Amino acid sequence: MEYTASNKQIVQILVEKCHSFGIKQVVLCPGSRNAPLIISFANHPGFTCYSIIDERSAGYYALGLARQLHEPVAVVCTSGTAVLNLAPALAEAYYQEISLVAITADRPAELIGQEDGQTIRQSRVFQKFVSHSIDLPVDETEELKAEASNYLERMFKWHMVFPGGPMHINVPLREPLYETTTCALVSIPKSVGDQQQKIETKIHKQLIEEWSQSAKILIVCGIYLPDEELNQAVNQLVQQKNIPVIASANSNLSGKGIIHSVEKLLLSLTSDDELLYRPDLLITIGGPVVSKRIKEFLRKVKPALHWDVDLSSRKVDTYNCLTKQVTGNPFFLFKYLNKKVEAKNETYLQTWVKANAKQQSLHDKFIMTVPWSDFMVYHTFFAKIAKPLNLHTGNSSPVRYIEFFRKNPFINYYSNRGTSGIDGSSSTAAGAALADDKLTVLITGDVAFIYDSNALWFNQLPKNLRILVINNNGGNIFRLIPGPANSGHLPLFETPHHASVKMICKAFHVYYLKASNEIELNQMLPSFLDTNAGATVLEVFTPAEVSAEVYKNYLQAH
Ligand SMILES: Cc1ncc(C[n+]2csc(CCOP(=O)(O)OP(=O)(O)O)c2C)c(N)n1
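Remember, it's a predicted structure, so these values are computed and weren't measured experimentally.

Any empty space left between the atoms is revealed when a probe the size of a water molecule rolls over them. In this structure, the second largest pocket spans a volume of roughly 420 Å³. In terms of lining residues, the second largest pocket is bounded by 19 residues, among which E263, R293, L480, Y551 and L555 are the most central. Only α9 (262-267), α11 (292-301), α18 (477-480) and α22 (544-556) provide two or more residues apiece to the lining of the second largest pocket. No other element matches α22, which puts 4 residues into the lining of the second largest pocket. Here the lining of the second largest pocket is composed, by residue class, of 9 nonpolar, 3 polar and 7 charged. Split by domain, the residues of the lining of the second largest pocket number at least three in each of domain 2 (201-359) and domain 3 (369-556).

So, on to the side chain of T284. With respect to the helices and strands, the residue T284 is situated in strand β12 (residues 281-285). Given a relative accessible area of 5%, T284 falls into the buried group. At a separation of 2.7 Å, a polar atom in the side chain of T284 contacts the side chain of H306. Aside from chain neighbours lying at most four places away, what touches T284 is V220, H306, W307, D308, V309 and Y319.

With that settled, the discussion passes to the packing of helix α3 (residues 55-69) against helix α16 (residues 425-434). With their axes 7 Å apart at the nearest point, α3 and α16 run at an angle of 45° to one another. The pairing of α3 with α16 is recorded here as oblique in orientation. Regarding α3 and α16, the two cross each other, and that crossing is right-handed. Judged by residue contacts, S57, Y60, Y61, L63, G64, L65, R67 and Q68 of α3 engage S427, T428, A430, G431, A432 and L434 from α16. Residues of the contact of α3 with α16, tallied by class, amount to 7 nonpolar, 6 polar and 1 charged.

Near the ligand lie 18 residues; those nearest to it are S397, D446, A448, N476 and I477. Contacts to the ligand include I422, whose backbone N or O atom sits 3.1 Å from a nitrogen atom. Measuring from an oxygen atom of the ligand, one finds a side-chain N or O atom of N472 at 3.0 Å. Protein chains shield 77% of the accessible area of the ligand, which is 590 Å² for the free molecule. Looking at the shell around the ligand, the elements that each hand over two or more residues are α15 (397-401), α17 (446-451) and α18. If one sorts the elements of the shell around the ligand by residue count, α17 sits on top with 4 residues. Looking at side-chain class alone, the shell around the ligand contains 7 nonpolar, 9 polar and 2 charged residues.

A few words now on the packing of helix α14 (residues 374-384) against helix α21 (residues 518-529). Viewed as axis vectors pointing N to C, α14 and α21 meet at an angle of 45°, and their least axial separation amounts to 10 Å. Our classification of the angle between α14 and α21 gives oblique. Pair α14 / α21 crosses with right-handed handedness. Along the contact surface, α14 presents M376, V377, T380, F381 and K384, while α21 presents E518, L521, N522, L525, P526 and L529. Split by residue class, the contact of α14 with α21 holds 7 nonpolar, 2 polar and 2 charged.

Let's shift gears to the nonpolar core. Judged by nonpolar contacts, the single largest core of 43 residues is most densely connected at V27, V75, F449, L461, L465, I467 and V537. Looking at this core, the elements that each hand over two or more residues are α3, β4 (73-77), α4 (81-84), α5 (87-96), β5 (100-106), α16, β18 (465-471) and α20 (501-507). Looking at which element gives the most residues to this core, the answer is α3, with 7 residues. Viewed by domain, this core spans two of them, domain 1 (2-184) and domain 3 (369-556), each represented by three or more residues. Sequence-distant contacts of L465, defined by excluding residues within four places in its chain, comprise A429, A430, A433, T440, G534, A535 and T536.

Moving on, we come to empty space enclosed by the protein. Scanning all chains against the criterion turns up 4 cavities of 30 Å³ or more. Of the voids in this model, the largest cavity is the one considered here, and its volume is about 50 Å³. Elements represented by at least two residues in the lining of the largest cavity include exactly β15 (389-393), β16 (411-415) and α16. Broken down by class, the residue content of the lining of the largest cavity amounts to 2 nonpolar, 8 polar and 1 charged.

This next bit is on the environment of E179. Structurally, E179 is set in the loop between β7 (167-172) and β8 (180-184). Residue E179 is classed as partly exposed on the basis of its relative accessible area, which comes to 42%.

The next thing to look at is the packing of aromatic side chains. For the structure on display, the rule yields 24 aromatic pairs. Ring geometry for Y50 against F458: centres 6.3 Å apart, planes inclined by 75°, an arrangement best described as edge-to-face. Taken together, the positions of Y50 in strand β3 (residues 48-51) and F458 in the loop between α17 and β18 put the pair 408 residues apart, joining distant regions of the chain. For the pair shown, Y50 and F458 are each scored as buried. Residues F375 and Y401 carry aromatic rings whose centres are separated by 6.3 Å and whose planes lie at 75° to one another, so their mutual orientation is edge-to-face.

With respect to the helices and strands, the residue G424 is situated in the loop between β16 and α16. Sequence separation between G424 and P543 is 119 residues; the distance between their C-alpha atoms is 25 Å. Among all residues touching G424, those that are not within four sequence positions of it are Y60, N416 and D452.

Criteria and cut-off values
- Residues numbered from 1 in each chain as written.
- Predicted model: local features only at pLDDT ≥ 70, side-chain atom pairs only at ≥ 80, totals over all residues.
- Heavy atoms only, no water.
- 1 Å grid on protein atoms, 1.4 Å probe; cavity = no way out; pocket = protein on both sides within 12 Å on 5 of 7 lines; lining within 4 Å.
- Points joined across faces, edges and corners; volume = space filled by probe spheres on them.
- Helix = DSSP H or I, 4+ residues; strand = E, 2+ residues; numbered from the N terminus.
- Nonpolar A, V, L, I, M, F, W, Y, C, P; charged D, E, K, R; others polar.
- Domains from an automatic or database assignment.
- Buried < 20%, exposed > 50% of the residue type's maximum accessible area, 1.4 Å probe, protein only.
- Polar contact = N/O pair within 3.5 Å; in protein donor to acceptor, adjacent residues only side chain to side chain.
- Contact = heavy atoms within 4.5 Å.
- Axes fitted to C-alpha atoms, helices over the stretch in contact; angles between N-to-C directions.
- Parallel < 35°, antiparallel > 145°, perpendicular 65-115°, else oblique.
- Left-handed = near helix turned anticlockwise from the far one by under 90°.
- Near = heavy atom within 4 Å.
- Areas by Shrake-Rupley, 256 points an atom, 1.4 Å probe, with all protein chains shown as cover.
- Core = buried A, V, L, I, M, F, W, Y, C linked by side-chain atoms within 4.5 Å.
- Phe/Tyr/Trp six-rings, centres within 6.5 Å; stacked < 30°, edge-to-face > 60°.

Shown next as structure tokens:
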């Protein structure tokens, strides 16, 4: 089989390598310098291409696609500042360890720094946020082509074994840029690393010893993609080995005895209680946790032992007490422990479970008293969900609110907590919606929505995308955290505004709904969640002051 590609041989090599590496989705940003790349990717039958104009948004679309599909996704842009606009998504992908491949067109070296148009220093510009950076050669000698091909091969292979995060391929290109040729399809996609790294047997033995010596063992799980096998292994540890598990909502773990709402629980502890709750051995899995208090608590009580189990070998010591970094898939470790270890005395598990049950009943009582506010929006929304959906939450109050509610079994949770930016939530959700037929709902604040409104600037906006914008006229988070209100400059933090979500939707031809109270929200949610409705934004107006009051009262009600 043949296809029409750019006549640049380096581009042909790159495109074939991407195909053999298992890249199937490519986000293309318009430009001329990257024309050889656009033409080659678009004509190659192995790729589905999307055209997104704003590079910052495009980077996040690619991230959403890659995270949803568990496979590498490429984003291609032209030279100059276009490149720098990929930085936010690359940083997020780096901290979430998502395989995002940034392919940037560049001028040849002799034109850089010579006042040529759209030219900046691009080589290794993302060095701190990618695991590999490569500059492809501009000249097409046999030696240079072979060198580039070998390097790409090695880099891609490395990423097949390790969940390597993002990479950057910079492609200097000389004019003419639009000449094409016919190419044979040569590559066959290899199966991309299944990231099933086993944990070495010798490490297992050491861990068993430490496990046996520890009376109180606590598992804390941060952000984790839905993984049913892992969920079962974790539940077995709770049910059969009496191990308490604290799991962020976006850890996607759930089951009887798994604790989600830890922020409020920890607030209710006295300093005497802290000893009771202090683990001897802490086991952490997944990415960052949302709760600030769990970090403060564990840093303060300092467990004697702490294992962090992660597929990547990046050392992360969140609680300043790391004693063992275990590289591998936590599922294998938990499966092994379930087979080999004795159950612990259930007192420690019960301490956590009882405190959690108390908080749950306080939560239920609290709800009966809540006025119209952000809190009420979440309560009303969760009560309506009876079908599977993917829920994305923006930064930073949505990601906190969802921690207060019981894990809904129909929902898979996602959020950009790698760097907690407000700049790509909508684009990430839209990218993810392209990759899954399920309804994809983003709950975001007004500021984050307006910031990333170019997410709607896409002709093929997925029909299953729903964005619920909680409009409390500014960044309500700055009323929730201590500091801004007493600074004398709250408006500089909160940034109330006159921007119109409705007009943004109109500009991009996106279906728009609104609600201003509980009755209207209950009326609007069925249309919003209707799977045939097409991409829809539901703007829910809430009072800023009351919402902040309710949030604070909730945390204090114990
Ligand atoms: C790119 C970026 N800029 C600034 C911030 C700091 N920040 C965190 S939350 C926030 C306001 C978010 O407001 P909104 O989206 O309305 O959500 P709300 O707090 O009202 O829930 C800001 C400016 C950030 N996280 N990322």
